[in-house]
Amino acid sequence: AQKITQTQPGMFVQEKEAVTLDCTYDTSDPSYGLFWYKQPSSGEMIFLIYQGSYDQQNATEGRYSLNFQKARKSANLVISASQLGDSAMYFCAMREGPQGGSEKLVFGKGMKLTVNP
Amino acid sequence: DAMVIQNPRYQVTQFGKPVTLSCSQTLNHNVMYWYQQKSSQAPKLLFHYYDKDFNNEADTPDNFQSRRPNTSFCFLDIRSPGLGDAAMYLCATSRERMGRGRTGTQYFGPGTRLLVL
């Protein structure tokens, strides 16, 4: 079974608008962490934001916020005021704690965001 | 600036000819990772070092080896590259392993695109 699901293969948004990128996850481990990375066409994976399973509040980092709904197992990334430079692939990833066995980062398939002027 | 550096950015090799990719970091992080990312796919973890402790993923082919001579440097050796090994190779570091109370956030280098002729 897929651990991280990103169902949107691609999205288009107008510059300065907000956009939500969907991510759902599957784990039985009570301790886990969720990450979002951005990968521009240059290839580098850029860390955006982190949410821990025990965190009480949704994570925020500048224009990025994470809409964490634990019961629904979703961790959607919200980008406010989109910029042209936000055009990239976006990957949702999860790390499971030691009870999960491998203690590694598992990535979703990613989704491509295009910001139009 | 502290960072993760990968050289070269592009590497062309011949079928069956050994090739080495290098990664260095100025973050003084304990953990270094190597990922393989094929076109339009998510990164796949090959192995990681926690300090000098080498951890191989179960499905990583024997063709792939790694060396970490010191904290700053880590190498990926592909002993006999095949056409299927053409991919982006991403190096990442984290201060500590993931686990309860530790985010284990991974910071990536720009990657090396490997082409096998």
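Above: the structure in question.
Residues numbered from 1 in each chain as written. Chains lettered and ligands numbered in written order. Predicted model: local features only at pLDDT ≥ 70, side-chain atom pairs only at ≥ 80, totals over all residues. Heavy atoms only, no water.

## Points about the pattern of salt bridges
Side-chain pairing between opposite charges can occur once the charged atoms of the two side chains come close.
Residues and elements named next belong to chain A.
Right, on to step 1. Taken as a whole, this structure holds four salt bridges over all chains when the rule is applied.
Right, on to step 2. The residue D26 makes a salt bridge to K73 at a minimum N-O spacing of 3.8 Å. In this pair, D26 sits in the loop between strand 4 (24-25) and strand 5 (32-39) while K73 sits in the loop between strand 8 (64-69) and strand 9 (74-79), placing the two residues 47 residues apart along the sequence.
Right, on to step 3. Judged by its relative accessible area of 38%, D26 falls in the partly exposed class.
Right, on to step 4. The partner of D86 in a salt bridge is R63, and the shortest N-O contact between them spans 2.8 Å. In this pair, D86 is assigned in the loop between strand 9 and strand 10 (88-96) and R63 in the loop between strand 7 (60-61) and strand 8, connecting sequence segments 23 residues apart. (Salt bridge = Lys/Arg side-chain N within 4 Å of Asp/Glu carboxyl O. Helix = DSSP H or I, 4+ residues; strand = E, 2+ residues; numbered from the N terminus. Buried < 20%, exposed > 50% of the residue type's maximum accessible area, 1.4 Å probe, protein only.)

## Quick word on the nonpolar core
Right, on to step 1. Core analysis: the largest hydrophobic core is formed by 26 residues, its most contacted members being L21, W36, L77, Y90 and L113 of chain A.
Right, on to step 2. Elements represented by at least two residues in this core include exactly strand 2 (10-14), strand 3 (19-21), strand 5, strand 6 (46-52), strand 8, strand 9, strand 10 and strand 12 (111-116) of chain A.
Right, on to step 3. Per-element accounting of this core gives the leading share, four residues, to strand 10 of chain A.
Right, on to step 4. Each residue touching Y90 of chain A, except ones within four places of it in the same chain, is listed here: Q6, L21, W36, Y37, K38, L48, L77, I79, G110, M111 and L113 of chain A.
Right, on to step 5. Listed in part, the 18 residues of the second largest apolar core include V4, Y49, L76 and A87 of chain B. (Core = buried A, V, L, I, M, F, W, Y, C linked by side-chain atoms within 4.5 Å. Contact = heavy atoms within 4.5 Å.)

## A look at the sheet that holds strand 1 (residues 4-7) of chain B
Residues and elements named next belong to chain B.
Right, on to step 1. Spatially, 1-3-8-7 is the arrangement adopted by the four strands of the open sheet, whose pairing is antiparallel. Strands at the two margins of the open sheet, each flanked by one partner only, are strand 1 and strand 7 (64-67). Neighbouring strand axes in the sheet, compared pairwise and without regard to direction, differ in orientation by 20° on average.
Right, on to step 2. Where strand 7 meets strand 8 (residues 73-78), four bridges bridge the pair, whose relative direction is antiparallel. Residue pairing in the sheet places R67 in a bridge with F75 of strand 8. (Pairing = 2+ DSSP bridges. Axes fitted to C-alpha atoms, helices over the stretch in contact; angles between N-to-C directions.)

## A few points about the packing of aromatic side chains
Right, on to step 1. According to the stated counting rule, one finds 17 aromatic pairs over all chains in the structure shown.
Right, on to step 2. Centroid distance Y25 of chain A to Y32 of chain A: 5.1 Å. Interplanar angle 50°. Geometry classified as tilted.
Right, on to step 3. By the ring-pair criterion, three or more aromatic residues cluster together here, those being F35, Y37, F47, Y50, F91 and F107 of chain A together with Y33, Y35, Y107 and F108 of chain B. (Phe/Tyr/Trp six-rings, centres within 6.5 Å; stacked < 30°, edge-to-face > 60°.)

## Quick look at the state of the cysteines
Right, on to step 1. Here the structure, examined in full by the defined rule, presents two disulfides over all chains.
Right, on to step 2. Between the sulfur atoms of C23 of chain A and its disulfide mate C92 of chain A the distance is 2.0 Å. What sets the handedness of the C23 of chain A and C92 of chain A disulfide is the S-S torsion sign, and at about -65° it is left-handed. Taken as a pair, C23 of chain A in the loop between strand 3 and strand 4 and C92 of chain A in strand 10 lie far apart in primary sequence, 69 residues in all. For the pair C23 of chain A and C92 of chain A, a shared accessibility class is recorded, and that class is buried.
Right, on to step 3. Two residues, C23 of chain B and C91 of chain B, share a disulfide whose sulfurs are 1.9 Å apart. A torsion of -70° about the S-S bond marks the disulfide between C23 of chain B and C91 of chain B as left-handed. Of this pair, C23 of chain B sits in strand 3 (residues 19-25) while C91 of chain B sits in strand 9 (residues 87-94), placing them 68 residues apart in sequence. Take C23 of chain B and C91 of chain B: they sit in the same class, and that class is buried.
Right, on to step 4. Here C74 of chain B is not disulfide-linked; the sulfur of C91 of chain B is the nearest cysteine sulfur, at 6.0 Å.
Right, on to step 5. The buried category is assigned to C74 of chain B, whose relative accessible area is 1%. (Disulfide = S-S within 2.5 Å.)

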